[in-house]
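Working through the structure, step by step
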Amino acid sequence: MSSKRLRSDPESGIDGKRSLKQQELAELNPLLLEAKERVSEAWSRGLEYSHEKDLLVGNQPFTHCLISNFIQSQTFLKGLQNELLQLNFHEKSNDLYKFKQSDDLRKEKGYHISTLRKVLFEDFRTWLSDIAGVKLESTVDLSCAKYEYTDVLLCHDDELEGRRIAFILYLVPEWGAGDGGTLDLYVTDEHYQPQQIAKSLTPSWNTLVFFEVSPVSYHQVSEVLSEGKCRLSVSGWFHGPSLERPPRYIESFPPRLPYFASDEEILYDWINPIYLDVSTQVHVQDEFEEKSEILLKNFFKKEKFELVCEALRNPEIKWKRRGPANKRCYDQAEKDGLPDILAKCMELFHSEAMFLLLSNFTGLKLHFLASSDSNDDEDEQEDEEEESDGHEQACSSTAKGSKADSTEDDRRRKGDKVGPKEVEMPGESPKDPSVPVCRGELRHWRNGFYTLIHDTNVENSEFALDLLLCCGCEDWNDEFGGITSYIAKEEDEELLTLCPEDNSLALIYRDKETLKFVKHINQRSISLCKNTQERKGFWDFSFVYNE
């Protein structure tokens, strides 16, 4: 009987396997221990510190740290990258982000992921706890994210109960600022609101970034612009004692105003005659009451709409960027200096005649001539109606109710103003509950613009009628973004989506449990636009009406 001696060649023996495992040990950059005291001092005093290109502590716009060559073994890193790419990723998409994310990595049993987890949860957590002066818990959130072409994570602060330190380990190919996907850090104002990007960090292979989660830690992952690259990262949060948070800032709004007096001639001057026909209004109202939304195509007369579109391209219009970035980013037209045709269009949506027309379209009580549901359960008889003369009253008499009548608590009854809830908005006087009002703006949309759902939007506590009319969006594709999306409160599933469409008037009834946002407009709006090298975006007239 013969036997063979085990050899130490890595390809043919046990010692070889042991040697390969040795190469795949996940050892941290030894500089972490060497520079620990200097990093700790810089972190605690809010100072800047750097050690060549391997370690950097920055203090603007808030304290953060970059560690290059975080893991020593390139063999381990390649194995980790391959193991991560084999995971199941889930598409994540809402108002704030669009990317692919793995399940919680604490449940994964692969060698490389398990080893990384051990390094992060033990050695690195101990080092980080000493640096930040915070007792960090053993529980760590950990997942893997893939950002590909047009993926983005918009401005946010990461604040959630117990989160203390956020971290990201990049496993990306050669990457430049032109590829997008940068980690952008925002400076904040005295109200802890993000203002503008103060610093952008470009991802690089085997670099770990961390920062303390705080009321000023606003950041974003900018849109990935490269079609052939994947921004792969492992990220999460270390938990510890919660910080005291300042009260959420409630921003002021322009005042909501009642309509101004006008006669019906303003409607005949602007609006497609079909929508001024009584039978059409009856049909529109029936459909609106059934669905709580409707889209009226070719709403303006063709010649008027063309004049509006031409005026919107006037370079002399003054546009103001609306923020802050954790709530919205788009351009709003300033009223001063608007071309005459645009000023008159804004007046149209604010006119008494339009309030009455919208009442006829929706059945909502937006004008005193509009009829209302008068079936009070105790004090009034059902089906009591007032007769009147004239074309306007004949149109409005078809109104039998609205979405507001869908539940017993929300019904509008003559004499008892149940909803919309009267809210005194910051920056305006209390609204007379018997007077319909509106607020409106002219907006410009292009690549990089969006709105976000946020918990300080007081208007979300009211019943409202949203009006939207878009211009300059010919050939717009929903893949570009710019979609107005409605969702139920605390839900991600979309109830309704509106893709921009030229000269189409959208009316949507929104209750207190319905929220809306405009999806981030991505790079496809430029590169995939037909017959042009650059898309300038589109415009819309956006109004909100309250009974």
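Note that the structure is predicted; figures quoted are calculated from it, not measured.

Along the chain, the regular secondary structure elements total 12 helices and 24 strands. Residues counted as buried form 51% of the 547 residues belonging to the chain. When the accessible surface of the chain is split by element, carbon and sulfur atoms take 46% of a total near 27,100 Å².

Moving on: the environment of A311. Mapped onto the secondary structure, A311 falls in helix α8 (residues 302-312). It is 7.0 Å that separates the C-alpha atoms of A311 and L342, two residues lying 31 residues apart in sequence.

Residues of helix α9 (residues 340-349) that are buried: I341, L342, C345, M346, L348 and F349. Burial along α9 is one-sided: seen end-on, the buried residues are contained in an arc of 155°.

As a further point, take the confidence of the model for the chain. Looking at the chain, pLDDT values average 86 and 82% of them are 70 or higher. Considering only residues more than four positions removed or in separate chains, one finds that residues 1-14, a stretch of pLDDT under 50, has nine contacts. Between residues 374-430, whose pLDDT stays under 50, and residues either more than four places distant or in other chains, the model counts 107 contacts.

Bringing the environment of G472 into the picture now. Along the polypeptide, G472 turns up in the loop between β19 (464-471) and β20 (484-488). When the C-alpha positions of G472 and N503 are compared, they lie 8.8 Å apart, and in sequence the two are 31 residues distant.

Here the focus is the side chain of H444. In this fold, H444 is placed in strand β17 (residues 437-445). For H444, the contacting residues outside a window of four places in its chain are W319, Y330, D331, F449, K536, F538 and W539.

Bringing the packing of aromatic side chains into the picture now. This structure, assessed with the given rule, holds 24 aromatic pairs. Geometrically, the ring pair formed by F355 and Y545 is edge-to-face, given 5.2 Å between the ring centres and 75° between the ring planes. You can see F355 sitting in helix α10 (residues 352-362) and its partner Y545 sitting in strand β24 (residues 538-546), a full 190 residues away along the chain. In this structure, F355 and Y545 share a single accessibility class: buried. Among the aromatic side chains, those forming a connected cluster through ring pairs are Y259, W270, Y275, F299, F300, F349, F355, F361, F541, F543 and Y545. Sitting above the plane of the Y147 ring, R231 keeps its charged end 5.1 Å from the centroid. Taking the ring centre of Y330 as reference, the NZ or CZ of R443 above it sits at 5.4 Å.

Right, let's get into the nonpolar core. By size, the foremost hydrophobic cluster in this structure holds 48 residues, and its most contacted members are F299, L342, F349, F541 and Y545. Once residues within four sequence positions are removed from consideration, Y545 is found in contact with F349, M354, F355, L358, L366, V437, C438, A464, L465 and L467. Grouped together as the second largest cluster of nonpolar side chains are 46 residues, I113, I165, L169 and C230 included.

Time to look at the side chain of R164. As for its position among the elements, R164 is in strand β8 (residues 163-170). Those residues within four positions of R164 in sequence are excluded, and the remaining contacts are V134, L136, F211, E212, V213, F238, H239, G240, P241 and L243.

In the contact formed by helix α7 (residues 278-291) and α10, the axes pass within 6 Å of each other and the chain directions differ by 60°. Considered as vectors, α7 and α10 are oriented oblique to each other. Every residue of α10 that contacts α7 at Q281, V284, Q285, F288 and E289 is listed here: L357, S359, N360, F361 and T362. Residue composition of the contact of α7 with α10, by class: four nonpolar, five polar and one charged.

To continue, consider the pattern of salt bridges. In total, this model carries 24 salt bridges according to the counting rule given. A salt bridge links R322 to E441, with the nearest nitrogen and oxygen atoms 3.4 Å apart. Of this pair, R322 sits in strand β15 (residues 319-322) while E441 sits in strand β17, and the two are 119 residues apart along the sequence. Within this structure, E91, K100 and E148 form a network of salt bridges that share partners.

For the rest of this paragraph, the subject is the sheet that holds β20. Spatial ordering of the open sheet is given by β21-β20-β23, a layout of three strands whose pairing is antiparallel. Sheet topology places β21 (494-498) and β23 (514-518) at the edges, where each strand pairs with a single neighbour. Each strand of the sheet is rotated relative to its neighbour by a mean of 20°, with strand direction disregarded.

Parameters and conventions
- Residues numbered from 1 in each chain as written.
- Predicted model: local features only at pLDDT ≥ 70, side-chain atom pairs only at ≥ 80, totals over all residues.
- Heavy atoms only, no water.
- Helix = DSSP H or I, 4+ residues; strand = E, 2+ residues; numbered from the N terminus.
- Buried < 20%, exposed > 50% of the residue type's maximum accessible area, 1.4 Å probe, protein only.
- Areas by Shrake-Rupley, 256 points an atom, 1.4 Å probe, with all protein chains shown as cover.
- Arc of directions from axis to C-beta.
- pLDDT = per-residue confidence, 0-100.
- Contact = heavy atoms within 4.5 Å.
- Phe/Tyr/Trp six-rings, centres within 6.5 Å; stacked < 30°, edge-to-face > 60°.
- Lys NZ or Arg CZ within 6 Å of the ring centre and 35° of its normal.
- Core = buried A, V, L, I, M, F, W, Y, C linked by side-chain atoms within 4.5 Å.
- Axes fitted to C-alpha atoms, helices over the stretch in contact; angles between N-to-C directions.
- Parallel < 35°, antiparallel > 145°, perpendicular 65-115°, else oblique.
- Nonpolar A, V, L, I, M, F, W, Y, C, P; charged D, E, K, R; others polar.
- Salt bridge = Lys/Arg side-chain N within 4 Å of Asp/Glu carboxyl O.
- Pairing = 2+ DSSP bridges.

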